[in-house]
Amino acid sequence: MLTDEERIAFHKSIAGVRHLAAKSLAQASDVGRAIEFVANLHRSLDSVALHASKIGPVPDCKLGCSYCCHIRVEATDPEIFGIARRIRQRPEAEVADLIEKLRRHATERNVGGGATRQSCAFLVDARCAIYEVRPATCRKAHSLSVKQCEALSPEIPQNLKLLVEADAMMAGTAEAYRDRKLQAAAHELNAAVLAALNDQSAEARWYNGEDVFCCSGQLAPD
Ligand code: SF4
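So, here is what we can say about the structure in this document. (Residues numbered from 1 in each chain as written. Predicted model: local features only at pLDDT ≥ 70, side-chain atom pairs only at ≥ 80, totals over all residues.)

A word on the overall build of the protein chain
Right, so step 1: Within the protein chain, the regular secondary structure consists of 10 helices and four strands.
Right, so step 2: Start at the N end of the protein chain and walk to the C end: the helices and strands fall as α-α-α-β-α-α-β-β-α-α-α-β-α-α.
Right, so step 3: Judged by the C-alpha coordinates and their principal axes, the protein chain covers about 45 × 40 × 30 Å.
Right, so step 4: Expressed as a percentage of its 222 residues, the buried residues of the protein chain come to 33%.
Right, so step 5: Relative to all contacts within the protein chain whose residues are 6 or more apart in sequence, the contacts with residues 24 or more apart total 74%. (Helix = DSSP H or I, 4+ residues; strand = E, 2+ residues; numbered from the N terminus. Buried ≥ 20, exposed ≤ 12 C-beta atoms within 10 Å, placed from the backbone. Contact = placed C-beta atoms within 7 Å.)

Dropping the structure here:
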């Protein structure tokens, strides 16, 4: 819970990020550059998370620990297209395997109705298969108590300052995309990446200002 003063600072921070990001994004002269721009947000989030872990409190997360890869993860339109682009660059067999995992994920989600702790399809051998392009939501995820993660506690203690800083960056960047008339809403990661991989025209339509994903992450009808 933020104090009034902290809330004002939070909104100022969003406005600051939005202003700077909108200026840079205005220079993005094609769809590729508009998609790649989201990497700036990712780099900033990584720096903030690294700094936060240095000054403490130190997160309890360890290599190979993947509790936060078993909850619903969301990503924005440019993040989804960036991930789909990166996947398409991989060998054909690897792409086919990932698409199969994403399809299975969608089927299991429909059967489970979203009630189970479903593993992200990109979690392969306890590692993230898209680590370099993983979305902002994954970059800010952390826990100050792995015991509470193990216990599947609904309340995971986190560094509030880090979360507030990350949320301001994410919100400001999304606003900057909207200023450029580009959608940057949150969609379920796995379903949205599958949809983007299945329809190569989606990113061009997004760049033309279309809202190509519906709320579940599937493509909206033309
Ligand atoms: S994208 Fe990677 S880090 Fe994020 S939930 Fe999936 S496996 Fe985990």
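Topic: the site of the ligand
Right, so step 1: The environment of the ligand is formed by Cys69, Val73, Cys120, Phe122, Leu123, Cys128, Ile130, Arg134 and Cys138.
Right, so step 2: Within the shell around the ligand, the residues separate by chemical class into eight nonpolar, no polar and one charged. (Near = placed C-beta within 6 Å. Nonpolar A, V, L, I, M, F, W, Y, C, P; charged D, E, K, R; others polar.)

A word on helix 8 (residues 160-179)
For the α-helix, the turn length of 3.6 residues means that residues three or four positions removed from each other point alike.
Right, so step 1: Here helix 8 is 20 residues long and its end C-alpha atoms lie 28 Å apart, about the 28 Å a rise of 1.5 Å per residue gives.
Right, so step 2: Among all positions of helix 8, only Leu162, Glu165, Ala166, Ala168, Met169, Met170, Gly172, Thr173, Ala174, Ala176 and Tyr177 are buried.
Right, so step 3: Lys181 sits one or two residues past helix 8 and shows a positive phi near 65°. (Expected span 1.5 Å × (residues − 1).)

Considerations on the environment of Ala202
Right, so step 1: Along the polypeptide, Ala202 turns up in helix 10 (residues 202-207).
Right, so step 2: Sequence separation between Ala202 and Val212 is 10 residues; the distance between their C-alpha atoms is 6.5 Å.
Right, so step 3: If we ignore the near neighbours within four places in the chain, the residues touching Ala202 are Ala195, Ala196, Val212 and Leu219.

Quick word on helix 3 (residues 38-55)
Right, so step 1: An ideal rise of 1.5 Å per residue puts 26 Å on 18 residues; helix 3 measures up with 26 Å between its terminal C-alpha atoms.
Right, so step 2: Taken as a whole, helix 3 has its buried residues at Val38, Leu41, His42, Leu45 and Ala52. All buried residues of helix 3 lie within an arc of 95° about the axis, which places them on one face of the element. Facing away from the buried side of helix 3, by more than 90 degrees, are the exposed residues Arg43, Ser47, Leu50, His51, Lys54 and Ile55.
Right, so step 3: Once helix 3 finishes, Gly56 follows within two positions and takes phi at roughly 85°, a positive value. (Arc of directions from axis to C-beta.)

With respect to unusual backbone geometry
Right, so step 1: Looking along the chain, the bond that leaves Gly56 and enters Pro57 is cis, with omega of 0°.
Right, so step 2: Summarising the element assignment, Pro57 is placed in the loop between helix 3 and strand 1 (74-76).
Right, so step 3: Although it is not a glycine, Ala126 adopts a positive phi angle of roughly 65°.
Right, so step 4: Look at Ala126 and you get exposed, because 11 C-beta atoms sit within 10 Å.

Comments concerning the environment of Ala75
Right, so step 1: With respect to the helices and strands, the residue Ala75 is situated in strand 1.
Right, so step 2: On the neighbour-count criterion, Ala75 (27 C-beta atoms within 10 Å) is buried.
Right, so step 3: Separated by 63 residues in the primary sequence, Ala75 and Cys138 have C-alpha atoms spaced 9.1 Å apart.

Here we look at the packing of helix 4 (residues 77-88) against helix 9 (residues 189-198)
Right, so step 1: In contact at an axis separation of 9 Å, helix 4 and helix 9 are set at 55° when each is read in the N-to-C sense. Judged by the angle between their axes, helix 4 and helix 9 are oblique. Here the hand of the crossing between helix 4 and helix 9 comes out right-handed. Facing helix 4, whose interface residues are Ile80, Phe81, Ile83, Ala84 and Ile87, helix 9 presents Ala192, Val193, Ala196 and Leu197.
Right, so step 2: Taken together, the residues of the contact of helix 4 with helix 9 sort by class into nine nonpolar, no polar and no charged. (Axes fitted to C-alpha atoms, helices over the stretch in contact; angles between N-to-C directions. Parallel < 35°, antiparallel > 145°, perpendicular 65-115°, else oblique. Left-handed = near helix turned anticlockwise from the far one by under 90°.)

Side note on the nonpolar core
Right, so step 1: Formed by 46 residues in total, the largest nonpolar core has its most connected members in Ile80, Ala84, Met169, Ala192, Val193, Ala195 and Ala196.
Right, so step 2: At the level of elements, helix 1 (4-25), helix 2 (31-36), helix 3, helix 4, helix 5 (92-112), helix 8, helix 9 and helix 10 are the ones that each hand at least two residues to this core.
Right, so step 3: Looking at this core element by element, the count peaks at eight residues for helix 8.
Right, so step 4: Each residue touching Ala196, except ones within four places of it in the same chain, is listed here: Ile80, Phe81, Ala84 and Ala202. (Core = buried A, V, L, I, M, F, W, Y, C linked by C-beta atoms within 7 Å.)

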